[in-house]
Amino acid sequence: MAHRARRRKNITTDAVKARHQAEAIHRPTAVFDRSSTDPACATLRGAPASRPRWRHLQLGRGSVMAASSPLPAAQDLPTLRAQLQGLLRFLRQALPISKAHTVDFYTESVWEQLVDLPPETVLEVLRETAEGRTAEARPLAEAEGGAGISGFSKIFCETSQKLVSVEAFALAAKYYSIQNLGICTPFEQLLVALRGIKEEKTADSVKTDEFMNLKKSHEVQAMSELISSIADYCGIKQVIDLGSGKGYLSAYLSLKYGLKVYGIDSSNTNTHGAQERNRKLKKHWKVYHTQSNLDVNELPFKMAKEKKTQDQVKNKTDIQGVCNNSPANQGMMSTSDFLPDFSSSVISNIRKQMENLHVHSHREENLCLENAFSLIDRLPINAIELTSSSKIHKRKMSEANKERRKTTSKSNESNIYSPLTSFITADSELHDIIKDLEDCLMVGLHTCGDLASNTLRIFTSNSKIKGVCSVGCCYHLLSEEFEDPDKECTQEKWGFPMCHYLKEERWSCGRNARMSACLALERVAVGQGLPTESLFYRAVLQDIIKDGYGITKCDRYVGKTYSKSSSFLDYVRKSLKKLGLDEFKQSGDPKLPEKMIMDYYEKYKPRMNELEAFNMLKVVLAPCIETLILLDRLCYLKEQEDIAWSALVKLFDPVKSPRCYAVIALKQQQ
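Residues numbered from 1 in each chain as written. Predicted model: local features only at pLDDT ≥ 70, side-chain atom pairs only at ≥ 80, totals over all residues. Heavy atoms only, no water.

1. Some details on the pairing of strand E4 (residues 238-242)
Item 1. The element E4 is extensively covered by neighbouring structure, given that five of its five residues are classed as buried.
Item 2. By the alternation rule, side chains of E4 split into Gln-238, Ile-240 and Leu-242 and Val-239 and Asp-241, which are all buried.
Item 3. Here E4 runs beside strand E5 (residues 260-265); their pairing, made up of five bridges, is parallel. When the bridges of E5 are listed, Asp-241 appears paired with Gly-263.
Item 4. Handedness of the crossover joining E4 and E5 through helix H10 (residues 248-257): right-handed.
Item 5. Bridging between E4 and strand E7 (residues 440-448) involves four bridges; their strand directions are parallel. Counted as the bridge partner of Val-239 is Leu-441 from E7. (Buried < 20%, exposed > 50% of the residue type's maximum accessible area, 1.4 Å probe, protein only. Helix = DSSP H or I, 4+ residues; strand = E, 2+ residues; numbered from the N terminus. Pairing = 2+ DSSP bridges. Right-handed = clockwise from strand over helix to strand, strands pointing away.)

2. Considering the side chain of Thr-561
Item 1. Structurally, the position occupied by Thr-561 is in the loop between helix H22 (532-549) and helix H23 (568-578).
Item 2. Overall, Thr-561 belongs to the buried group, its relative accessible area being 6%.
Item 3. At a separation of 2.4 Å, a polar atom in the side chain of Thr-561 contacts the main-chain carbonyl oxygen of Val-558.
Item 4. Here Thr-561 is in contact with Tyr-571, Lys-574, Ser-575 and Lys-578, once residues within four sequence places are set aside. (Polar contact = N/O pair within 3.5 Å; in protein donor to acceptor, adjacent residues only side chain to side chain. Contact = heavy atoms within 4.5 Å.)

3. Some points on the confidence of the model for the protein chain
Item 1. For the protein chain, per-residue confidence averages 76 on the pLDDT scale, and 62% of positions sit at 70 or higher.
Item 2. Here residues 15-56 is modelled with pLDDT under 50, and outside its nearest four sequence neighbours on either side it reaches 87 contacts, counting other chains as well.
Item 3. This stretch, residues 58-68, has a pLDDT under 50; its non-local contacts, to residues over four places away or in other chains, come to 22 contacts. (pLDDT = per-residue confidence, 0-100.)

4. Observations regarding the sheet that holds strand E10 (residues 661-667)
Item 1. Taking strand neighbours across the sheet as the criterion, the eight strands line up as E3-E9-E10-E8-E7-E4-E5-E6 in an open arrangement whose pairing is mixed. Only two strands of the sheet have a single neighbouring strand rather than two, namely strand E3 (184-185) and strand E6 (417-421).
Item 2. Sheet analysis places E3 next to strand E9 (residues 643-650), joined by two bridges and oriented parallel. When the sheet's bridge partners are listed, Cys-184 is paired in E9 with Leu-648.
Item 3. Relative to the sheet, H10 contacts E4, E5, E6 and E7, its axis offset from that of E5 by approximately 175 degrees.
Item 4. On the sheet, helix H25 (residues 608-638) packs against strand E8 (465-473), E9 and E10 and is oriented at approximately 165 degrees with respect to E9. (Axes fitted to C-alpha atoms, helices over the stretch in contact; angles between N-to-C directions.)

5. Looking at the packing of aromatic side chains
One pair of aromatic rings is described through two measures. These are the centre distance and the angle between the planes.
Item 1. Inspection of the entire model under this criterion finds 16 aromatic pairs.
Item 2. Relative to Phe-536, the ring of Tyr-106 lies with its centre 6.1 Å away and its plane at 90 degrees, an arrangement referred to as edge-to-face. Of this pair, Tyr-106 sits in the loop between helix H2 (77-99) and helix H3 (110-114) while Phe-536 sits in helix H22, and the two are 430 residues apart along the sequence.
Item 3. For Tyr-106, a relative accessible area of 5% puts it in the buried group.
Item 4. Since its relative accessible area comes to 0%, Phe-536 is described here as buried.
Item 5. The structure contains a cluster of three or more aromatic residues connected by ring pairs, namely Phe-105, Tyr-106, Phe-536, Tyr-537, Tyr-562, Phe-568, Tyr-571, Tyr-601, Tyr-604 and Phe-614.
Item 6. The ring of Phe-459 has Lys-667 sitting right over it, with the charged end atom 4.9 Å from the ring centre. (Phe/Tyr/Trp six-rings, centres within 6.5 Å; stacked < 30°, edge-to-face > 60°. Lys NZ or Arg CZ within 6 Å of the ring centre and 35° of its normal.)

6. Observations regarding the pattern of salt bridges
Item 1. Per the stated rule, a full pass over the model turns up 18 salt bridges.
Item 2. Arg-195 is the partner of Glu-225 in a salt bridge, and the nearest nitrogen-oxygen pair spans 2.6 Å. Within this pair, whereas Glu-225 is found in helix H9 (residues 214-234), its partner Arg-195 is found in helix H8 (residues 187-195), the two being separated by 30 residues in sequence.
Item 3. A salt bridge links Asp-570 to Lys-574, with the nearest nitrogen and oxygen atoms 3.3 Å apart. Taken as a pair, Asp-570 and Lys-574 lie in helix H23 at a separation of four residues, close to a single helical turn.
Item 4. The network of salt bridges with shared partners includes Asp-104, Glu-108 and Lys-553. (Salt bridge = Lys/Arg side-chain N within 4 Å of Asp/Glu carboxyl O.)

Rendered as structure tokens:
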């Protein structure tokens, strides 16, 4: 009895340990660890001071969510606001660098106004920082001896406001980047939480780079995997893709994951392009289906043929065995002795084997047809065109298979991609655009300008939209509420800012700063440098226009003139013609002689390194501007009462796709 009691106790202990281990597997771990909720004085990792507050999302029993794992921890609104405060303190001093336009670099003496260092020094320090030969990125509290970043004396001059420390500037810019602030939820961690204990889907392998470029292929595969996981988690089958363009993402979500997708774009040209893309997808899937026939078509027929041959050999052997015992072969038995035996048991045996042969071949043929159409059944309606051989096989389908095909076709009507044309604003009513709107996800891959902001607003205002996944781009096209406060405007909803805190601050970046936020630091870091010479040509041209024509501001663009020009002189001539400034004297000679143009070139050529160094400062500062815009959107979502979980997720490789951050949110479910 004592032995049984000890054994029962051991079993109970093991069960408790197993339960605790299982809970530990699904327990989310904080990926962000800072010593203070104030980013101005925070340390990056493992400090013993107070930690920022986190929100772990565990949906209630009434939720329709399919997965059981809690979503990863995310920073709460007070923590994000504290980070915004620290970022703004830095940008108030650094923003003039981003606001300066390289076109006006020489005409407005930008370098002399904003930088109190030789350009050689700036380039050398930035090069050392990129190569890791300077101090690692660390909190400014440590970099400034614990003084916090309230004192900017080591970065900018207190009196002139000019940049005096490139290293401190680079450290501050890196510190306030999204990755360093720790506000991103890891992509893989989110996928694991969304899938719970379910295994990853094993959908058909599709080579997307066969019908889209490598960049788009990278984006579509990563984002569609996330969207599919969110849809499964929420139990949703409908997806609304805003700014769908030519339908790369929409078609892939429908084709691979069986989702019903409405792609909405404001351009008829893009909608027609999406239809053309679908036509190419049909061709791709026709080829893909042909290549897959070995697995889903030819192999079963081959097996059936081999089986039929084996059975025929076996039956032939059995028949020959009977005939070898006949009197004709042995010459010993009479016909009367042979016929009764052949007419009874032998004939019965032969008939039975022939029936089995027919059943086997028919069964294998049906198996082939079921496998051959299993891939087709998973495709959208009209996704492929059946070949003539497929039509022949289709005629051989049994009535049951035909009925199953009809049923499957009806069910697949929901798994289609429908491109639509409509201009989307913050007040757009989806019910007017999509008649069969149901519980859905709203997504957007590189939604341009205000469309990214409007995507979030539509999500928060429409009860049918249960989740959102938006990757924005083209920050320079955002409308800003406080950019020009003296200008009268009736617009009520702006692209930036969105959250209450930045509205209270009446914060404005300006178009040039938002343009610089689109610069790709990661690409520059791997050697994909800026087009310094073309920028230099344009800046010198502006000085020529100012002196020669008295024009200080030119709103017109010269476009891609640089790539079509053979020299600086050729560039100036073509640019002036494009700007409508190619004037001639009465003698027929150009107003600006060749020597005058080349004198400007020789004047500024020794100062080209100033422009190069300044553009590198803008590149280093670019992630901070993007961080501000994305934090604004995330804080806006945190301010909504019905949002259960929201976060930023780095979806793409920034070298392949610089605008790589997705804003994701899920609503509370009843």
